[in-house]
Structures are given as structure tokens and as C-alpha cells.
Amino acid sequence: MAAKLVSSWYKEVESLPESYILPPEERPGDRPVPVSNQIPVVDLEAPDSAQLILDACQEFGFFQVTNHGVGEELMEDGMKVFEEFFGMSKEEEGVVRNLYSDTPTTEPCVVSTSSGNNVNSEKVHFWRDVLRHSCHPLQQYLPFWPHKPHRYREVVGECSVEVRKLGFRILEKISQGLGLSSGYLEEFSKFMYLQVNHYPPCPDPTLSLGVYKHVDPTILTILRQDSYGLQVLKDGHWIGVQPIPNAFVVNVGHQLQIISNGKLKSAEHRAVTNSIKARTSGAFFLHPDVDTIIEPAKALINAANPALYRSFPSYEFVKRYSANRGDVEETIKAFQL
């Protein structure tokens, strides 16, 4: 099974396999995408940070944060163990083989490739491998995490705790900007999972993608990227998100867009590949319990601003999103009023 991971066989091919070549209209092509400094960078210690975050969430759905309180050394250690996991020798690969799954699963820790649960039914594969596991409650899920590299559980456990604190800090500022009561959005973010994306060097980055165009179906995403690859769709054009040392990229999940009654924007994004070096990123997702009722916050609803979406349990949105292969326009139709 492990042979299906791109990282286990990419060195054996000189050209991009047919199953990874996207239809012409979906390919990134060779037209350069500008790496933009338009994506807002918010200093969380700034007195106007709540307003800056609100503005960024309304215009872009994306922003980067600095002065966020997560130690730089800890962040670097986390990225190192992510890279070490996908760089393990053949002798160590048993840990990957034991976690690997190419079928839909609810296991608390799994390694997959391409789009994960849809890999067997998708028409074209994506050039990436994925390690995904739940992070909170930490002690509940820690025993299921990889035991190699030997530092993985210790380092990533500490990262998870600190990033969760950061997530709540950002959500509190979003609540403040929207005029919601303190702690309101925390109630929709009880759980967190980590997705480590690994993109080996690609034979032809013009024909393939690491991750297809999508929005995140959760509440909030906090991403650490040490090298370029993330692109955001803005006004019909792709713009590259410039990696900033010791910063996190943050984006609005689509369930948060619904809670805000459309005041916040969940932007489409994708990941491109390159032919030179492997790229690894770590994304932490804050999300509700499956039975949590998602609906526009009542404090944001009035005669001039009627509710745009109906109430629904969180699992219904995620289920439809998965069935529609991440097509948010098709998914959201079932929830609009």
C-alpha cells in the first residue's frame, strides 16, 4: 500500500504520469502567478488588530499573523519533524505503511495520498501525500499519533496546544470585530485536527496541482508554510501567498462564513508544485462537534440583515461538501435561504 504514496515512487519516473495530468482548463499552466504582498499581515499585538483581521476576513478571507505568541523555535521544530516523517528510510517506512489508507476512514490518524478519501474514485490525482490526525483533546488522540520520528509526539503535541491557543485568540478578535459576545466563536471550535501536506518535486508543475481549488469546510485554518506554494483566488485571479518568517497564514472556514451571515469571506485556494525541491506545510483546523448547530449568529440578524442561511448540524455540511468533492457553490445551495 505504501507504494501508492507519491513520496515512495516519484524518483522512479522521469515524466508526469497520465493519471496526474489535469484537464487543460484546470492546469496551472506556465503563466506566472504574482507572489503578492496584498494579503494583509496583522501584528496581533497591535491595538487595532481586531479591526485589521475583520477587514482582511471581509476582503480576502486570508491574512497572516505575526507576534502571535507561538515560539519560533517550536514552530521550526514542528516543521522539521513533519519533513522527517515523509523523509523516513525504507527501513522506517513501516510506520507509514501501518497508517496508510486509500479508502474513507474515521481513524484518528491516517496517511493518504492525493485527495485522501476520494482517491479511488477521482478522475485525476493530485501530487501530494497527507498525514492527518486529530489534536484535541490531546491526551485522547496522542496514543494514535506516529511514534516515529521519535520526537513527533512531544514536539507536535506542544505545537498543537500553542496553535489552539492562537486560534482562540484570533476567534476572539473576530468576535470583537463582528460585535459578538466574548467567547461566542469558541463554542464552534471545540475540536482541532492537523493535516501535514507533503509535495515531492513534480516532473511538470504546469500540468498538475498539489491541492485542487477549494474552500475549507471548517471554522478556521492556521497554516505554517516555509516555502511558496499557496495561491488564493481574488476577484477571479490567482495570487501567491508570500511565506513570511515566523508567521502563520490564517483563513476563514466556510462554516464561519455562515455563522457571520456572509459578513466574512471563505476564499478559494490551491497549492501548486515545483520541480526543484519538496515542500511540506502543516495546517491546523478548528472545527465544531458534528452535532453542533451551525446558523447565522442571532446578534447579526435584523430586519435590514435577514438570515442568509438555514440552521443545520455541522456534520450535514461536511457530508454534502465531501459528496460534492469540495464544490462549495454546489454545497452551499442546500443551506441558503
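Heads up: the structure comes first, above all this text.
What you are looking at is a predicted structure, and each value in this text was computed from that prediction instead of being measured.

Undergrad: Describe the sheet that holds strand β5 (residues 129–136), and please don't skip the residues or the numbers.
TA: Spatially, the 8 strands line up as an open sheet ordered β2-β3-β11-β8-β13-β6-β5-β4, and their pairing is mixed. Where the open sheet ends on each side, the last strands, each with one partner, are β2 (41–43) and β4 (109–113). The average undirected angle you get between the axes of adjacent strands in this sheet is 25°. Judged from the 7 bridges that link them, β5 and strand β6 (residues 191–199) form a sheet pairing that is antiparallel. By the bridge assignment, H136 is partnered in β6 with M192. The strands touched by helix α3 (residues 72–86) are β4, β5, β6, β8 (220–225), β11 (248–252) and β13 (279–287); relative to β13, the strand with the most contacts, the crossing angle is about 115°.

Undergrad: Go over the packing of helix α2 (residues 49–59) against helix α6 (residues 152–178) with me, naming the residues and quoting the values.
TA: Where α2 contacts α6, the axes come no closer than 8 Å and their chain directions differ by 85°. One finds that α2 runs roughly perpendicular with respect to α6. The segment α2 lies against α6, with S49, A50, I53, L54 and C57 engaging K173, I174, Q176, G177 and L178. Taken together, the residues that form the contact of α2 with α6 break down as 6 nonpolar, 3 polar and 1 charged.

Undergrad: Quick rundown of the environment of Q176? Include the residues and the values.
TA: Assignment of secondary structure puts Q176 in helix α6. Look at Q176 and you get exposed, because its relative accessible area is 54%. Here the alpha-carbon distance between Q176 and H125, two residues 51 residues apart in the chain, equals 41 Å.

What counts, and where the lines are drawn
Residues numbered from 1 in each chain as written. Predicted model: local features only at pLDDT ≥ 70, side-chain atom pairs only at ≥ 80, totals over all residues. Heavy atoms only, no water. Pairing = 2+ DSSP bridges. Helix = DSSP H or I, 4+ residues; strand = E, 2+ residues; numbered from the N terminus. Axes fitted to C-alpha atoms, helices over the stretch in contact; angles between N-to-C directions. Contact = heavy atoms within 4.5 Å. Parallel < 35°, antiparallel > 145°, perpendicular 65-115°, else oblique. Nonpolar A, V, L, I, M, F, W, Y, C, P; charged D, E, K, R; others polar. Buried < 20%, exposed > 50% of the residue type's maximum accessible area, 1.4 Å probe, protein only.

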